[in-house]
Amino acid sequence: MKTCLTLIAALVLLCGEASAADAKRPNILFILVDDQSPFDLKIYNPQSRLETPHLDRLAREGMVFDGAYHMGSFVGAVCTPSRHMIMCGRSVWHLPIAPLAREKGLCPPKIDEQTIPAVFNRAGYATMRTCKEGNSYEAANKHFTVRHDATKRGPTPETGSAWHADRVLDYLAERESTKDTKPFLIEFGFSHPHDVRNGTTELLAKYGAVNHKDESTPPPAHALQPKLPANYLPAHPFNHGHPGLRDENEVSGVWQRRDERTIRNELGRQYACSENIDIQIGRVLARLEALGELENTYIFYTSDHGIAIGRHGLQGKQNLYEHSWRVPFIVKGPGIKPGSRVEGNIYLLDVLVTLCDLTGVATPDTNEGTSFKPVLNSEKPSIRDVLYGVYNGGTKPGMRSVKQGDWKLIKYDVMNGAVHETQLFNLKENPQELLAQHHDPQVIALTGVTPEPHQVNLATDPRYAAKLAEMEALLLAEMRRLQDPWRLWNQPADGLTPPHEDSPRGQGKGKKKKEES
């Protein structure tokens with residue numbers, strides 16, 4: 001009897017210690033929005049009219065990353081590979097849906113069991129998710145213990161962003177009522193500001209925007225609408241390489257129009273949806289604070305990719321300019337220096353290993369990302385020197401980019417060889433990636449921005465021939481390192497046989513891509 005009592009007492013003590021240990025383990029709130037350029041936010045663009053007081057507070061109390069990128073896409077629905085990379089921590093050509101990745105052994109089997117929710121479930125975390133439906137990573141999403149997914153892009157609390165916040169608040173209330181002390185990992189996702197950008201009546205009015213329905217005419221002008229972006233163009237200077245692309249042709253309210261009134265109205269709609277997201281984030285942060293959980297929670301804010309909306313004459317995210325290749329990225333949490341700002345040079349695929357590193361959870365062997373915990377701890381300013389990007393969801397081989405320091409190269413091999421273009425930018429001198437077309441007096445009259453003479457594409461300038469050759473070699477090295485299955489027109493073929501158009505791409509293929517990219 002005495003032995004039994006001793007054993008019971010020991011078990012009670014162990015359970016108590018485990019419960020206390022759980023209470024000390026940090027929580028994770030991972031906020032993911034859909035289609036947001038960092039330059040929409042004042043945090044990255046002080047001239048922006050968008051008001052986001054709760055994100056501003058996160059930035060003041062946490063760390064802002066100036067160099068956060070998604071690695072790219074091989075389909076028009078850029079969000080699909082992006083969200084796969086977040087969940088499984090693998091590079092773009094090693095995803096389960098990448099062309100021929102499984103056939104060539106570039107992605108392990110059952111990779112969904114090594115994704116964020118599966119890994120944190122095994123580590124004893126309570127996992128919850130709310131986000132849009134579709135163009136995501138369904139096999140990984142199924143591992144969340146609690147899941148409430150629906151596409152909410154309407155103007156009311158039930159049809160818009162408030163619905164996602166309500167699901168998180170309901171979950172926190174349930175935890176409180178059941179006295180759940182497990183650390184939590186919540187993916188707090190939104191369907192906006194992705195189109196259709198049907199904002200609330202009040203916020204649309206604030207930004208002078210309307211939900212325009214008539215494709216034959218531009219929307220009305222309004223003084224409250226955001227100004228045109230500094231790198232606005234009425235048309236891209238050459239074919240972007242994806243004929244029939246939904247985002248460039250069929251977005252309600254824009255269609256193929258790139259006139260001033262259309263773009264300013266659409267930016268107003270984007271801002272209205274983005275401010276509503278900020279309001280909903282504020283509701284959840286206030287609840288965490290009331291529950292005493294805020295100080296022990298790492299809060300991440302990011303987007304799956306950027307978006308153009310008139311920048312460089314483009315509308316969508318299927319390009320490699322900074323406005324679409326980069327993502328906003330803010331982190332607040334224990335040990336992070338308030339008000340800090342870093343380059344970072346991170347990919348979204350680095351999230352999985354970083355979450356594991358911050359929480360003491362074992363990182364799966366399948367991970368290919370690099371932890372940026374040393375950056376969060378202010379031990380180093382960045383985790384890599386070179387960044388690679390791809391878009392080839394249209395004609396092949398598509399676009400490629402490489403960035404090192406201030407220098408960036410973009411190459412276009414599209415329209416079956418009809419378009420071969422090279423762009424070289426010094427981002428320190430030309431952060432908006434301005435082109436010769438931005439020097440047109442008619443464009444200057446629209447934007448109010450007069451570029452400096454040196455703010456152009458430098459690829460054809462003989463003074464930069466050595467830098468161009470250096471960046472071309474760097475791009476090829478990255479393509480080889482990452483097992484990019486294509487080569488561009490001026491690169492060695494390397495004996496590759498590129499995937500056929502009908503090669504398996506797994507999950508994410510189908511009608512949904514045409515409806516919503």
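Described in the following lines is the structure provided in the data block. (Residues numbered from 1 in each chain as written. Predicted model: local features only at pLDDT ≥ 70, side-chain atom pairs only at ≥ 80, totals over all residues. Heavy atoms only, no water.)

Some points on the sheet that holds strand E14 (residues 407-414)
What counts is decided by this rule: Should DSSP find at least two bridges between two strands, the strands are taken to pair. Counting from the N terminus, the helices are the DSSP runs of H or I reaching at least four residues and the strands are the DSSP runs of E reaching at least two. Between two residues, a contact is recorded if the distance between any of their heavy atoms is within 4.5 Å. Where helices are involved, their axes are fitted lines through C-alpha atoms of the stretch in contact, as for all axes, and angles between N-to-C directions lie from 0 to 180°.
Taken in spatial order, the five strands make up an open sheet running E4-E12-E13-E14-E15, and their pairing is mixed. Every other strand in the sheet has two partners, leaving strand E4 (72-73) and strand E15 (419-426) as the edge strands with one partner each. As paired strands, E4 and strand E12 (residues 386-391) are joined by two bridges and run parallel to one another. Residue Gly 72 lies in a different strand from E12, and its bridge partner there is Val 390. Packed onto the sheet, helix H14 (residues 465-481) meets E12, strand E13 (398-404), E14 and E15 and runs at close to 110 degrees relative to E13.

Things to note about the state of the cysteines
Convention followed: For the purposes of this analysis, a disulfide is any pair of cysteine sulfur atoms at a distance within 2.5 Å. Partly exposed describes any residue whose relative accessible area lies between the buried limit of under 20% and the exposed limit of over 50%, with all areas from a 1.4 Å probe on protein chains only and scaled to the type maximum.
In total, this model carries zero disulfides according to the counting rule given. For the unlinked cysteine Cys 273, the closest cysteine sulfur is that of Cys 131, found at 15 Å. Residue classification places Cys 273 among the buried positions, given a relative accessible area of 2%. No disulfide involves Cys 356; its sulfur sits 13 Å from the nearest other cysteine sulfur, which is in Cys 88. Classification of Cys 356 by relative accessible area gives buried; the value is 1%.

Re the packing of aromatic side chains
Cut-off, in case you're wondering: A pair of Phe, Tyr and Trp rings is counted when the ring centres sit within 6.5 Å of each other, with Trp represented by its six-membered ring. The angle between the planes then sorts it: under 30 degrees is stacked, over 60 is edge-to-face, the rest tilted. In our convention, an over-ring charge means Lys NZ or Arg CZ found within 6 Å of a ring centre and within 35 degrees of that ring's normal.
With the rule as written, the count across this model stands at 13 aromatic pairs. Relative to Tyr 125, the ring of Phe 120 lies with its centre 5.1 Å away and its plane at 85 degrees, an arrangement referred to as edge-to-face. Per residue, the accessibility class of Phe 120 equals that of Tyr 125, and both read buried. Each member of the aromatic cluster is reached from another via a ring pair, and the members are Phe 30, Phe 65, Phe 300, Phe 329 and Phe 372. Across from the ring centre of Trp 163, 4.9 Å away, lies the NZ or CZ of Arg 167, which sits over that ring. Seen from the ring of Tyr 44, Arg 341 lies directly overhead, with NZ or CZ sitting 5.4 Å from the centre.

Some words on the sheet that holds strand E6 (residues 146-149)
The mixed open sheet is built from eight strands, whose spatial order is E6-E5-E7-E1-E8-E9-E2-E10. Every other strand in the sheet has two partners, leaving E6 and strand E10 (340-342) as the edge strands with one partner each. Neighbour to neighbour, the strand axes of the sheet diverge by 10 degrees on average, direction disregarded. Of the pairings in the sheet, the one linking strand E2 (residues 63-65) to E10 comprises three bridges and is parallel in character. Among the inter-strand pairings, Phe 65 is bridged to a residue of E10, identified as Val 342. Here helix H2 (residues 53-61) sits on the sheet and contacts E2, strand E8 (297-303) and strand E9 (329-332); the angle it forms with E9, its principal contact strand, is near 65 degrees. Together, strand E1 (27-34), strand E5 (126-131) and strand E7 (184-193) form the strand contacts of helix H3 (residues 79-88), whose direction differs from that of E1 by roughly 170 degrees.

Some details on H2
Note the threshold: By construction, the arc corresponds to the directions joining the helix axis to the C-beta atoms.
Listing the buried residues of H2 in full gives Leu 55, Leu 58 and Ala 59. Projected down its long axis, H2 carries its buried residues within an arc of 100 degrees, all on one side. Against E2, helix H9 (260-290), E8 and E9 lie the buried residues of H2.

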